[in-house]
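Results of the structural survey
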There are 2 protein chains.
Amino acid sequence: MKKEITRRQLLGYGAVMGGTLAGGAMLGNDMAIAGKDKKTWAYHELDPAETEKLGYEGFYEGRCCFGTFKSIIGQLGDKYGAPYEDFPFEMMKYGTAGVAFWGTLCGAMNGTAAAVGLLLSGEDRDKIITSLYAWYEKTEFPIYSPPKPVHDCNMPKTSAGSVLCHRSVGKWLQASGNTFISKEKLERCARVAADAAKKAVELLNAHLHGTFKEGAISTTASSCLACHGIEKEANALSKMDCRICHGDKLPHPKR
Amino acid sequence: MKKEITRRQLLGYGAVMGGTLAGGAMLGNDMAIAGKDKKTWAYHELDPAETEKLGYEGFYEGRCCFGTFKSIIGQLGDKYGAPYEDFPFEMMKYGTAGVAFWGTLCGAMNGTAAAVGLLLSGEDRDKIITSLYAWYEKTEFPIYSPPKPVHDCNMPKTSAGSVLCHRSVGKWLQASGNTFISKEKLERCARVAADAAKKAVELLNAHLHGTFKEGAISTTASSCLACHGIEKEANALSKMDCRICHGDKLPHPKR
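This one's a predicted model, so the numbers in the text were calculated from it and none came from an experiment.

**Observations concerning the pattern of salt bridges**
Counting across every chain of the model gives 14 salt bridges over all chains. Across the pair Glu90 of chain A and Lys93 of chain A runs a salt bridge, and its minimum N-O distance is 2.7 Å. The exposure class of Lys93 of chain A is buried, given its relative accessible area of 10%. As a salt-bridge pair, Arg191 of chain B and Glu187 of chain B come within 2.8 Å of each other at their nearest N and O atoms. Pair noted here: Arg191 of chain B and Glu187 of chain B are both in helix H6 (residues 183–208), with a separation of four residues, about one helical turn.

Have a look at this one:
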């Protein structure tokens, strides 16, 4: 007889037992991911301002996903050596422009989330990512103003409303009047990478010091999910701001 | 005076030189990503059927992104040892349910793309990912039928039309009448992870043998991008099927 599965296990936060497959390791919040040689990938405090600069430089070295990831994990590698320095950073270039120019998840959001996933596990990881993504949706950026920009150009700010590259980049291109293949677009995304890396480290530092408070998802998403969330009618799996794609359904039709 | 940047460089396929930042390493198609100890992460042929099974089991061990990634890289680790076996696989759990339950990029698509990004670079990597994502959008799944399913349940097939988890899962939940937090949904995604892992390996094998042909993105996307693509008017950065979010704009209004 199969053992009953709890809600936490269904969400993947606990050991999963089922049928002929033995459960995976319990991945609680206290367990830092251990490398094969037992060195852990635990987080150590980083300077947000330094990370911001590295995020910007990292973008120009290998674009958004690579740049943001390396600004955190590579920085830990520079300070602490193995295992951080041994990570195959080139891998993260797959995430460029919403993965292979598909415009899906913003590379800066994919790279930072992956870094968080390397350093933390379980609900702590997910709460930090949620805070990061919620911040990204509503924040007007780029914020970072490099002292010596690679491309010194007019840089309007836009709020993406979405963690999807297609939307984030598209909205800025519309506002700025630039094309995708341009130095201006590169410069914008480099500065956004800086902003994202800095924010991720601020959240990680807060978590390290026990002062982390999870950021709230958009009020629209909260409102919609009150009825349409994963344990409700229509059970939509999403924390994204619903207006971006479902704006035509708002205001909500009366029942 | 700043050196002119080519289109290839702007897309990130070549060395980028700009201002005070030295360019990154040229990452051509022939260069396998080298680990710190010089062992490369080159691809070796894998059996699609074995990978399919491992993708399914990997899902139950650590969900979609982890499961698909480990089915490929972990399998290489089992066969060839380092550096594959040393990868911190637990990191990939960040990608669960479109990353931390945000419903963005499908974890199976994020995990497989990351695996491809570890094994290949540049345009080869992106063409394989494009083929994989184009396949995912249009294919009715799950296809895999495990000999001993963890959850033996009714399993309708749906085509997601999108690589976004919210849409992919949502469409199946609607068709199947299940809720997100259910064994049926877990089983569906486990089988989709199997399908995705198998497809990724089929593409990687074809590339290894010189028989790879890039799959076409959706006809809708191709059609829209003919005018709205990244070098055109409105320069939209996307390869996703536009209908999913912009269906209200089709058929295209006359000019």
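**Structural notes on the interface of chain B and chain A**
Of the residues lining the interface, 81 residues belong to chain B; the matching set on chain A comes to 82 residues. Per-residue buried area on chain B facing chain A is highest for Phe101, Trp102 and Leu237 of chain B; these three make up 13% of the total on that side. On the surface where chain B and chain A come into contact, there are zero salt bridges. There are 10 residue pairs in polar contact (both at pLDDT 80 or more) connecting chain B and chain A. For the side of chain B that touches chain A, the elements supplying multiple residues, two or more each, are helix H1 (7–10), helix H2 (48–80), helix H3 (107–119), helix H4 (122–138), helix H5 (165–176), H6 and helix H8 (243–246) of chain B. Per-element tally for the side of chain B that touches chain A: the top contributor is H4 of chain B, with seven residues. Partitioned by chemical class, the residues of the side of chain B that touches chain A number 43 nonpolar, 19 polar and 19 charged.

**Notes on the packing of H4 of chain B against H6 of chain B**
Residues and elements named next belong to chain B. Axis separation between H4 and H6 bottoms out at 10 Å; the angle between their running directions is 140°. Judged by the inter-axis angle, H4 sits oblique to H6. As H4 packs across H6, the resulting crossing turns out to be right-handed. From H4, Asp124, Ile128, Ser131, Leu132, Trp135 and Tyr136 reach across to H6, where they touch Val192, Asp195, Ala196, Lys199, Ala200, Leu203, Leu204 and His207. Here the residues of the contact of H4 with H6 sort into nine nonpolar, two polar and three charged.

About the cut-offs
Residues numbered from 1 in each chain as written. Chains lettered and ligands numbered in written order. Predicted model: local features only at pLDDT ≥ 70, side-chain atom pairs only at ≥ 80, totals over all residues. Heavy atoms only, no water. Salt bridge = Lys/Arg side-chain N within 4 Å of Asp/Glu carboxyl O. Buried < 20%, exposed > 50% of the residue type's maximum accessible area, 1.4 Å probe, protein only. Helix = DSSP H or I, 4+ residues; strand = E, 2+ residues; numbered from the N terminus. Contact = heavy atoms within 4.5 Å. Buried area = accessible area lost by both parts, 1.4 Å probe. Polar contact = N/O pair within 3.5 Å; in protein donor to acceptor, adjacent residues only side chain to side chain. Nonpolar A, V, L, I, M, F, W, Y, C, P; charged D, E, K, R; others polar. Axes fitted to C-alpha atoms, helices over the stretch in contact; angles between N-to-C directions. Parallel < 35°, antiparallel > 145°, perpendicular 65-115°, else oblique. Left-handed = near helix turned anticlockwise from the far one by under 90°.

Geometric values such as these leave the question of function open.
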